[in-house]
Amino acid sequence: MNLDHKAAVEAFKKNLHKIEHADEVFADAKQLDDVIKKIEAKDLPADSTLATFAKEWRERLAKASAGWDFVSWHIWNSYLSPSLPRFLYFDDYRLLEGKLNLEGLNQRKTANQLTDADETAIGLFDLAGTDITELTSEEGYENSKAKLEAIGLTITSQVFEYWRQNKELAVEFDIKTDPKDKPPFNNGKNLYIRVKNLRHGVTVPFDQRSKGFIWFFSFMVWFSAVENRADTEKELILLLDEPGLNLHALAQADFLAYIDKLSETRQIIYTTHSPFMVESGELQKVRVVEDRTKEGTKVTGDLGGSSDESLFPLQAALGYSIAQNLFVANKNVLVEGPADFLLLLHMSSLLERNGKVGLAEGVFVPVGGLDKLSTFIALLGASKLKLVVIHDRSNAPHQGLESLIQQKLIERKRVLDFSMYRKPENLETDIEDLFPEGLYVDAFNKTYANELKGSPLNAAELPPHPRMVERINQWLKSKGITLLKNGGFNHYRVAQSLLPELTVERLSAAEIDHFEALFSRVNTLLT
């Protein structure tokens, strides 16, 4: 503490200046220590005011560790220390065990050698209003078991306020001996904690249940017990080391909701490497901890100088949030790529501006290829969103899509392809094939004017194939022109060049009708 000792000396002098020898002992004193030493050197009567003053201050300092001066210790001991919060620490070593030997537990308690797990178990007994003596006595069996089961139900109901993974569970307790068990469980009574699956009617030892549920239940027991016996008016600050490490992503979100609730009445500091334990909407609360080569361990809210490794959980949390918010609508139209997205969005807007039917509700979602459609359908279907798929038609059905239909993850009627809106139907078809050939060739030449070096594509040179994209790929190959490292061309860039040409004046009535029929069908499916 940075104190003004001279001001402190002047304050003491003001109260004692009328006492004999006061001016002498306070003269040239830089701090109270100097005054006390001068008083003690004078060997004044024990009942004199100055001697009593020195004795009281010396007794106060006697409680302090080395290095304290009189005034600093007084300020710390009387004002600052009582205001400090109490810190409570929880980690994986405090988890409840499925089987406890009560005799061994009692011996460790007597010897003051309790483990972290022991502390949690005794916390459970405290909450239940019982103790080891009652648990091990013959007459205490029924009473203590009833108490344990009652507190078990209470803690379980608290867990299930936030644990949404499987609510058909119950925690059961039993106390018995088993001389045939291995040491130390063959000596005296054991407490058995088991989890019953109410759906299937079977029980398993508590520590063989999913680690996530064990962690959640143990934390609730520990925290409730500690809070119950804290016996202090001090504020409690919880320090949680990697909470929810064994919880899967959704359960971590459940626990985060529980932490948010607790933080309404107490401060919580927790460490994590999991992006699911980072609230992407509350990044201002995050501090990065890293070991810097020349500076040592640093805790900082300034992310600018942090390493990629330190920032990864934050980046992952932000990415997850973006992915969640990508599907802002309840109704989604999944398309393969950005070119499909761009062209369908444009055509929907064009039709609506001209009094025709475009996409009425929902959003177009580009998924990055037909192979990724399966993943997106599974993810979005699990979120109970309404889906329609529009994809390119190849010469054979896509096995991934067919599998999803067979698994009833999506109805067949919700899977559309562009060949349905082209005459004749059932040809291999991309969205590019729904536009006039000449417009697309012109857009291609405009996009790649520099690369083609004055030798533009002539539609008459295109080889026969149902798909325009494949016809251009074959032409490029025959000419020895490389536009992309792996062959082909950028469909999105060409789509951008094509947009200005897609007007009601440049498109035929039949072409416009095809898109209106497509959007009408999508709207019906999304209703």
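What you are looking at is a predicted structure, and each value in this text was computed from that prediction instead of being measured. (Residues numbered from 1 in each chain as written. Predicted model: local features only at pLDDT ≥ 70, side-chain atom pairs only at ≥ 80, totals over all residues. Heavy atoms only, no water.)

Asks: Sorry, what's going on with the overall build of the protein here?
Replies: The secondary structure content of the protein amounts to 20 helices and 13 strands. Against the compact-globule benchmark of 24 Å for 527 residues, the protein has a radius of gyration of 38 Å, which places it well outside the compact range. Considering only contacts in the protein between residues 6 or more positions apart, those separated by 24 or more positions represent 64%. Carbon and sulfur atoms make up 50% of the accessible area of the protein, which totals about 29,100 Å². Taking the average place of the 62 positive charges on the side chains of the protein and the average place of its 76 negative ones, the gap between the two points comes to 2 Å. (Helix = DSSP H or I, 4+ residues; strand = E, 2+ residues; numbered from the N terminus. Rg over C-alpha atoms; globule rule 2.2 N^0.38 Å. Contact = heavy atoms within 4.5 Å. Areas by Shrake-Rupley, 256 points an atom, 1.4 Å probe, with all protein chains shown as cover. Lys, Arg positive; Asp, Glu negative; His and termini not counted. Charge placed at Lys NZ, Arg CZ, Asp CG, Glu CD.)

Asks: Is there a simple way to think about the sheet that holds strand E1 (residues 86-90) in this case?
Replies: Sheet strands pair by backbone hydrogen bonding; their relative direction is either parallel or antiparallel. On the basis of which strands lie adjacent, the open sheet formed by 3 strands has the order E1-E6-E7 and parallel pairing. Strands at the two margins of the open sheet, each flanked by one partner only, are E1 and strand E7 (267-270). Neighbour-to-neighbour, the strand axes of this sheet turn through a mean angle of 20°, independent of strand direction. In terms of strand pairing, E1 meets strand E6 (residues 236-240) through 5 bridges, oriented parallel. Opposite Leu 88, over in E6, you have Leu 238 as the bridge partner. (Pairing = 2+ DSSP bridges. Axes fitted to C-alpha atoms, helices over the stretch in contact; angles between N-to-C directions.)

Asks: It is not clear to me how unusual backbone geometry should be interpreted in this structure. Could you clarify?
Replies: Glycine aside, residues mostly have negative phi angles, and peptide bonds mostly take the trans form. The amide bond that connects Pro 183 to the next residue, Pro 184, takes the cis arrangement and shows omega of 0°. When you line up the elements, Pro 184 lands in the loop between strand E3 (169-177) and strand E4 (189-197). Along the chain, Lys 423 connects to Pro 424 via a cis peptide bond; the corresponding omega equals -10°. Looking at the secondary structure, you find Pro 424 in the loop between strand E13 (415-417) and helix H16 (437-447). With a phi close to 60°, Asp 28 is a non-glycine residue in the positive phi region. Relative to the assigned elements, Asp 28 resides in the loop between helix H2 (22-26) and helix H3 (32-41).

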